[in-house]
Amino acid sequence: QVQLVESGGGLVQAGGSLRLSCAASGRTFSSYSMGWFRQAPGKEREFVAAISRSGMTTYYSDPVKGRFSISRDNAKITVYLQMNSLKPEDTAVYYCAADYIGSGLGTSESYYQYWGQGTQVTVSS
């Protein structure tokens, strides 16, 4: 089992940047593929980005492709989401998630077994 704690959210102006971190507990972090999701007010939670266990493979949703970058440091048992060129529509609670079972990268919530509590990102226009 792994516990996930997100940090790094906050208020930023449009065009600005933020880096989210997701710190994991446990010594088997490298056994988990990781994902970031977000949920805006009144909307369903949506996939943002995912990274493989080794960090060699990443995948992004179309709205964030070219602006966001997911990475991981297995030694620090942390996954990151670098968010650049932020837009007001990026405003949401951002969640990290971990998958132990699958063999690829998941884009659906049901793919992941463990979730963090979320961190708020607000982008002002």
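The structure under discussion appears in the preceding block.
Rules used throughout
Residues numbered from 1 in each chain as written. Predicted model: local features only at pLDDT ≥ 70, side-chain atom pairs only at ≥ 80, totals over all residues. Heavy atoms only, no water. Core = buried A, V, L, I, M, F, W, Y, C linked by side-chain atoms within 4.5 Å. Buried < 20%, exposed > 50% of the residue type's maximum accessible area, 1.4 Å probe, protein only. Helix = DSSP H or I, 4+ residues; strand = E, 2+ residues; numbered from the N terminus. Contact = heavy atoms within 4.5 Å. Pairing = 2+ DSSP bridges. Axes fitted to C-alpha atoms, helices over the stretch in contact; angles between N-to-C directions. Salt bridge = Lys/Arg side-chain N within 4 Å of Asp/Glu carboxyl O.

### Quick word on the nonpolar core
One finds Met-34, Trp-36, Leu-81, Met-83 and Tyr-94 to be the most contacted residues of the largest nonpolar core, which totals 29 residues. Going through the elements one at a time, β3 (18-24), β4 (33-39), β5 (46-51), β7 (68-73), β8 (78-83), β9 (92-99) and β11 (119-124) are the ones with two or more residues in this core. Setting aside anything within four residues of it in sequence, one finds Tyr-94 in contact with Glu-6, Leu-20, Trp-36, Phe-37, Arg-38, Val-48, Phe-68, Leu-81, Met-83, Gly-118, Thr-119 and Val-121. With five residues, the next largest nonpolar core counts Phe-37, Phe-47, Ala-50 and Tyr-112 among its residues.

### Topic: the sheet that holds strand β1 (residues 4-7)
Read from one edge to the other, the open sheet built from four strands follows the order β1-β3-β8-β7, with strand pairing classed as antiparallel. The sheet is open, and its two edges are formed by β1 and β7, each paired on a single side. Sheet twist, expressed as the mean angle between neighbouring strand axes with direction ignored, is 15 degrees. Relative to β8, β3 runs antiparallel, the two being bridged by six bridges. Looking across to β8, one finds that Arg-19 is bridged to Gln-82.

### Examining the pattern of salt bridges
For the structure on display, the rule yields six salt bridges. A salt bridge links Glu-46 to Arg-38; its shortest N-O distance comes to 2.6 Å. Judged by its relative accessible area of 35%, Glu-46 falls in the partly exposed class. We note a salt bridge from Arg-53 to Asp-99, for which the minimum N-O separation is 3.6 Å. Of this pair, Arg-53 sits in the loop between β5 and β6 (58-60) while Asp-99 sits in strand β9; the two residues are 46 residues apart in sequence, bridging distant segments of the chain. By relative accessible area, Arg-53 is classed as partly exposed at 23%. Salt bridges linked by common partners bring Arg-38, Glu-46, Arg-67 and Asp-90 together as one network.

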